[in-house]
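The primary structure of each chain is shown beneath.
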Amino acid sequence: MRCASTISAHRPADQRFDGAWAALHGRLVACTWLVDEPEAQRAATLLENLFPTGLAFVMLGYEAEWVHSRELLTRINEEGHTADLVELAGQRFVDAVHKGHIGLGKVLGLDGEHEVEASLMVGEPIVALSNAIAKYARLLAGTVVDEPTLAVFRAAMAPLDAHREAHRRSSSGDGEAEPDNEDMDEMQDAEAPLPAVPQE
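Predicted, not measured: the structure shown is a model, and the values here were computed from it.

A.B. asks: Sorry, what's going on with the nonpolar core here?
C.D. replies: One broad rule of soluble globular proteins: the nonpolar side chains tend to lie buried together. Of all hydrophobic cores here, the largest spans 31 residues; its most connected members are Trp21, Leu24, Leu28, Phe51, Phe57 and Leu85. Sequence-distant contacts of Leu24, that is, excluding residues within four places in its chain, are made with Leu85, Ala89, Phe93, Val94 and Val97.

A.B. asks: How should helix α4 (residues 82-89) be read in this particular structure?
C.D. replies: Burial in α4 covers these residues: Leu85, Leu88 and Ala89. Projection of α4 onto a plane perpendicular to its axis shows the buried side chains occupying an angular sector of 80 degrees, all on one side. Away from its buried face, by an angle of more than 90 degrees, α4 presents the exposed residues Ala83 and Glu87. Looking at the residues trailing α4, positive phi occurs at Gly90, about 115 degrees.

A.B. asks: Honestly, the environment of Arg92 in this entry has me stumped. Any pointers?
C.D. replies: Mapped onto the secondary structure, Arg92 falls in helix α5 (residues 91-108). What makes Arg92 exposed here is its relative accessible area of 68%.

A.B. asks: It is not clear to me how the pattern of salt bridges should be interpreted in this structure. Could you clarify?
C.D. replies: Close approach of charged atoms lets side chains of opposite charge pair. Under the defined criterion, the tally for this structure stands at 3 salt bridges. Between Glu87 and Arg42 there is a salt bridge; the shortest N-O distance is 3.1 Å. Placement of Glu87 in helix α4 and of Arg42 in helix α2 (residues 38-50) is noted, with a sequence separation of 45 residues between them. Given the relative accessible area of 54%, Glu87 is considered exposed. Taken together, the shared-partner salt bridges in this structure form one network comprising Arg42, Asp84 and Glu87.

Rules used in this analysis
- Residues numbered from 1 in each chain as written.
- Predicted model: local features only at pLDDT ≥ 70, side-chain atom pairs only at ≥ 80, totals over all residues.
- Heavy atoms only, no water.
- Core = buried A, V, L, I, M, F, W, Y, C linked by side-chain atoms within 4.5 Å.
- Buried < 20%, exposed > 50% of the residue type's maximum accessible area, 1.4 Å probe, protein only.
- Contact = heavy atoms within 4.5 Å.
- Helix = DSSP H or I, 4+ residues; strand = E, 2+ residues; numbered from the N terminus.
- Arc of directions from axis to C-beta.
- Salt bridge = Lys/Arg side-chain N within 4 Å of Asp/Glu carboxyl O.

Below you can see the structure in the form of structure tokens.
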């Protein structure tokens, strides 16, 4: 976990980065609402192609979201999507994404010439795994109908509970540190309420 001072130093650049991508994405979404216009289908195709998981990547750690952004900008350029994005969303929004990407890279000490650690490339799959685990827990909770099935639920969730407890112990300190993007997955995967056993 990063110290609070480092998080604070990166936050303004991260907010500009997140806001720029959200604005571009939002402009494309708005175009899809023009159901009788040809732009609607073009925007929907771009969203499906470039943002299959929406804006989930902006919730990754700083370096991981920057890597995703670099790959996405490379695809936009190589696949010839720039002109469509400018026409549908507007030049200022496309420019803002590039500025946000460059700005975040500078504060992180990253740019197109630097090799990025392979571990940073797995951020999005980790988000997908976290979501899958949360879905599994919700589905399993729906099977609880009595005390025996509650015991089965507790046993199935025990490894996750143990992992959360170990994480809490390892990250606890004298002061409460301000969470950064890398802590978001843990907060989003917070322990669900224990399902109630139906009463006869």
